[in-house]
Amino acid sequence: MNESSTGDLFDSAPVESEPVKTHEHATETPIDAVALAEDASLSDLDNALAHWAHRHGADRLVARAFALASWAVAQGHTCLALDAIPTGLMSAANQAELPTALAASELIGEPGEIKPLILENDRLYLQRYHAYETRLAKRLRELMAAEPNPVNVDTLKPGSGLFATDKANPNATNWQAVAAFAALRHHFTVISGGPGTGKTYTIVRLLRVLIEAALDKNETPPLIALAAPTGKAAARMLESVRKGLDDMGADTNFDPTAVGEHIPQTARTLHRLLGLTGATTRPRFNADNPLPYDVVIVDEASMVDLPMMAKLADAIRNDARLILLGDRYQLASVESGSVLAEICANAGVNRFTAEQQTAAGDLLAEAREPASHALADHVVTLQTSRRFNADSTIGRLAAAVNAGDVEGAEALLNNGHDDLAYIPRSDAAAISQLMDRLADDYARLIETTDPSLALAQLGQQCVLTAVRKGPAGSETINTGITEHLARRFDFNPADAWYHGRPVMVRQNDYRTGLYNGDVGVALYNDSGQIRVWFMGDHGLRAFLPSALPAHDSVYAMTIHKSQGSEFDSVTLVLPDYDVPVLTRELFYTGLSRARERLVVFAEREALRRAVSRQVARVSGLAGRVTVGN
């Protein structure tokens, strides 16, 4: 669990000035049962914190609260909501007594105090996470409070050379131009949009404006950093930026050499950008030693957890720009917090203050009811997908899922479309049939000897699962397809390597330049030796199997692992039993990986649960960011 080790939170000496406090209605509980009295499913770390608290003077309810505060972080929450504790983890009777017990404990502090747990507005935080949340909110407010920069709106108007006019609707607001305007005007901006809405298209034009403006004044162009949460996302970001520059080559007013010279040639993970190593949670670049960049752009920001976002914001200079790109509806980070989604939800959708609407002028085709808080000026949501046009069933399904429209989603799935197929089963028999069909498709990998062709085939289709284990899990499907292929091509499925095996890297390896999520394929060379091929920044790269970092076979992958990827065809498999991860965000993220065709395997009840259930992470960030605005 990231950032939730005891660290320096509990280094104080045990409380000895007064005897151990016990609630007046509580009986003495043996220390081995302190955390386990009501439930045995908590992690070892949760229980260890409860035992630590007990040894340092906590009664059994407060010790239990320590375990639950740790449990909440492991579930993705920033804190524990006292009014929403599952009764399976603490009985209703004990929950009623908990506030009194917490108020009496020397281990529980208020905001501003240095205590192991912080209680604020019925939210109980591990001290470190309270610090992350308050620091991030404070830093974002500081960046938003900076005086807005003047922007020449005329250069951004559609048809002026930067942004194209929508021929189908020429009088509509071009939200890409508005996003560029907001990012030029402010020191903190979020640009949110689904697949194909043009986030990178917008950023490339924004960078062009900044660089050309400096060159025109004989000034030094801004120093720019491109970053993403994972190496895979960083590589895709760089690829998209390069393609965006190439696409502007037809503009006779654009000097690709002059501008391209100041565009970064690398995109880094946030860990590398900030100088974070495994030895410490304190980055090299921080508030006391900020990053040297004038513009920091982070892609796939929905994947960034609270601790990392707090460290990133701390490291931004006061005069620099921080621009976050992401999809507000996509899965949140694996670890604690849902920073991007919270910021976007609090800002609303393209509702700006009266001051910003005036500054944007003709960029906004129509006036809207002004927003009442400044955060709204810093978030722009792109509206039009170039990947999913008005006739795209996948696009309409994505919209229905985001809206929680169960009936609309079912109607689209049941009506039969060229680009969308629905199989209302995901039991073992259905998955077995699926594996038979997929083995036929993946046989082409066994039959090819060209690494470029093999990698291209891998980019054409993929199976995405909600879970890793179980009958409908990625591990089961990967094993099953391997066994089907082994019978067909007469190799041992237990062999670690065979011709045509697709693999996905599971951890970043800066030595080889391979990153978590990178996909390659194993092929025999002319000498009969296995080499594993990956596509890199400068073309194909071959590795000895022994040189690879941790990896798995990847006929199927979890939806979490697919973030940032796209495939021509996606087969999406939801389990026929309920799991907590089965949510609207998960379903949307999976289906939106498909460019041309989507096949969904899901029981009807599982489908309804996925569309109707939203991720609800407990946090106080949204309220803190808008305080004083």
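Note that the structure is predicted; figures quoted are calculated from it, not measured.

> Got a sec to walk through the overall build of the protein chain? Specific residues and values, please.
A tally of regular secondary structure across the protein chain gives 21 helices and 20 strands. A compact globule built from 629 residues would reach a C-alpha radius of gyration of about 25 Å, and the protein chain, at 26 Å, matches this within 12%. The principal-axis extents of the C-alpha atoms in the protein chain amount to approximately 80 × 70 × 50 Å. For the protein chain, buried positions account for 55% of its 629 residues. The long-range fraction of contacts in the protein chain, counting pairs at least 24 apart against all pairs at least 6 apart in sequence, stands at 74%. A total accessible area of about 26800 Å² is found for the protein chain, and carbon and sulfur atoms account for 48% of it.

> How would you explain the sheet that holds strand β17 (residues 551-553) if you had to name every residue and give the values?
Here five strands make up an open sheet; going across it, the order is β16-β15-β14-β13-β17 and the pairing antiparallel. At either end of the open sheet lies a strand with only one pairing partner, and these are β16 (539-543) and β17. Between one strand axis and the next, the sheet turns by 35° as a mean value, whatever way the strands run. Where strand β14 (residues 519-524) and strand β15 (residues 530-536) come together, four bridges link them in antiparallel fashion. From the neighbouring strand, Tyr-524 faces β15, where its bridge partner is Ile-530. The sheet contacts of helix α16 (residues 451-458) involve β13 (502-505), β14, β15 and β16, and relative to β14 the element is tilted by about 140°.

> Describe the nonpolar core, naming the residues involved and giving the relevant values.
Val-296 and Leu-312 are the most contacted members of the largest nonpolar core, which totals 72 residues. If one sorts the elements of this core by residue count, helix α2 (residues 60-74) sits on top with eleven residues. Apart from the residues within four sequence positions on either side, Leu-312 is in contact with Leu-270, Leu-273, Leu-274, Val-296, Val-298, Leu-322 and Leu-324. Counting 45 residues, the second largest nonpolar core, distinct from the first, contains Ala-177, Leu-184, Leu-238 and Val-259.

> Let's hear about unusual backbone geometry: which residues, and what values?
If a residue is not glycine, its phi is most likely negative; likewise, a peptide bond is most likely trans. The phi torsion at Asn-121 lies on the positive side, around 50°, for a residue other than glycine. The residue Asn-121 is located in the loop between β3 (117-120) and β4 (123-126) in this model. At Asn-350, a residue that is not glycine, the phi angle is positive and equals roughly 55°. Inspection of the secondary structure puts Asn-350 in the loop between α11 (339-347) and α12 (354-360).

> Go over the packing of helix α5 (residues 175-185) against helix α6 (residues 199-216), please, and point to the residues and values.
Packing of α5 against α6 leaves a shortest axis separation of 9 Å and a crossing angle of 45°. The orientation of α5 relative to α6 falls into the category oblique. Once α5 is placed against α6, the crossing between them reads as right-handed. Between α5 and α6, the contacting residues are Gln-176, Ala-179, Ala-180, Ala-183 and Leu-184 on the first element and Tyr-201, Thr-202, Leu-206, Val-209 and Leu-210 on the second.

> Give me the lowdown on the domain arrangement of the protein chain, citing residues and values where you can.
Parsing the protein chain into structural domains produces domain 1 (44-131), domain 2 (151-387) and domain 3 (393-498 + 551-612). One C-alpha centre belongs to domain 2, the other to domain 3; they are set 31 Å apart. Taken together, the contact pairs 13 residues of domain 2 with 16 residues of domain 3. Summing both partners gives a buried area of about 1300 Å² for domain 2 against domain 3, and 49% of it is carried by carbon and sulfur. For domain 2, the biggest contributors to the area lost against domain 3 are Tyr-329, Leu-331 and Arg-387; these three give 49% of the whole.

> I'd love a proper account of the pattern of salt bridges, names of residues and values included.
Inspection of every chain in the model, using the stated rule, returns 27 salt bridges. Close ionic contact of Arg-624 with Glu-133 constitutes a salt bridge, the shortest N to O distance being 2.6 Å. Highlighted residues: Arg-624 in helix α21 (residues 621-626) and Glu-133 in helix α4 (residues 127-145), separated in sequence by 491 residues. Exposure class is identical for Arg-624 and Glu-133. Each is buried. Note that Lys-157 and Asp-154 form a salt bridge whose closest N and O atoms lie 3.0 Å from each other.

> A description of the confidence of the model for the protein chain should follow, citing residues and the corresponding values.
Here the protein chain shows a mean pLDDT of 88. Residues at 70 or above account for 92%. Confidence over residues 1-38 falls short of pLDDT 50; this stretch has 74 contacts with residues more than four positions distant or in other chains.

> Pulling in residues and values, what's your account of the packing of aromatic side chains?
Applying the stated criterion to the full structure yields eight aromatic pairs. An angle of 80° between the planes, with centres 5.8 Å apart, marks the rings of Tyr-129 and Tyr-132 as edge-to-face. In this pair, Tyr-129 and Tyr-132 both sit in helix α4, three residues apart, roughly one turn of the helix. A relative accessible area of 0% places Tyr-129 in the buried class. Ring centres of Tyr-442 and Tyr-555 lie 4.9 Å apart, and the angle between their planes is 65°; on these two criteria the pair is classed as edge-to-face. Residue Tyr-442 is located in helix α15 (residues 428-447), and its partner Tyr-555 is located in the loop between β17 and β18 (556-558); the two are separated by 113 residues in the primary sequence. Under the relative-accessibility criterion, Tyr-555 is labelled buried at 0%. Sitting over the face of the ring of Tyr-201, Arg-205 holds its NZ or CZ atom 3.6 Å from the ring centroid. Looking at Arg-501, its charged tip hangs above the ring of Trp-497, at a distance of 4.5 Å from the centre.

> Give me the sheet that holds strand β1 (residues 80-81): which residues, what numbers.
The strand order across the open sheet formed by four strands is β1-β4-β3-β2, and the pairing between neighbours is mixed. Both outer strands of the open sheet, β1 and β2 (108-109), are each paired with one neighbouring strand and no more. Pairing geometry for β2 and β3, over two bridges, is parallel. Along β3, the bridge assignment pairs Gly-109 with Ile-118.

Cut-off values and rules
- Residues numbered from 1 in each chain as written.
- Predicted model: local features only at pLDDT ≥ 70, side-chain atom pairs only at ≥ 80, totals over all residues.
- Heavy atoms only, no water.
- Helix = DSSP H or I, 4+ residues; strand = E, 2+ residues; numbered from the N terminus.
- Rg over C-alpha atoms; globule rule 2.2 N^0.38 Å.
- Buried < 20%, exposed > 50% of the residue type's maximum accessible area, 1.4 Å probe, protein only.
- Contact = heavy atoms within 4.5 Å.
- Areas by Shrake-Rupley, 256 points an atom, 1.4 Å probe, with all protein chains shown as cover.
- Pairing = 2+ DSSP bridges.
- Axes fitted to C-alpha atoms, helices over the stretch in contact; angles between N-to-C directions.
- Core = buried A, V, L, I, M, F, W, Y, C linked by side-chain atoms within 4.5 Å.
- Parallel < 35°, antiparallel > 145°, perpendicular 65-115°, else oblique.
- Left-handed = near helix turned anticlockwise from the far one by under 90°.
- Domains from an automatic or database assignment.
- Buried area = accessible area lost by both parts, 1.4 Å probe.
- Salt bridge = Lys/Arg side-chain N within 4 Å of Asp/Glu carboxyl O.
- pLDDT = per-residue confidence, 0-100.
- Phe/Tyr/Trp six-rings, centres within 6.5 Å; stacked < 30°, edge-to-face > 60°.
- Lys NZ or Arg CZ within 6 Å of the ring centre and 35° of its normal.

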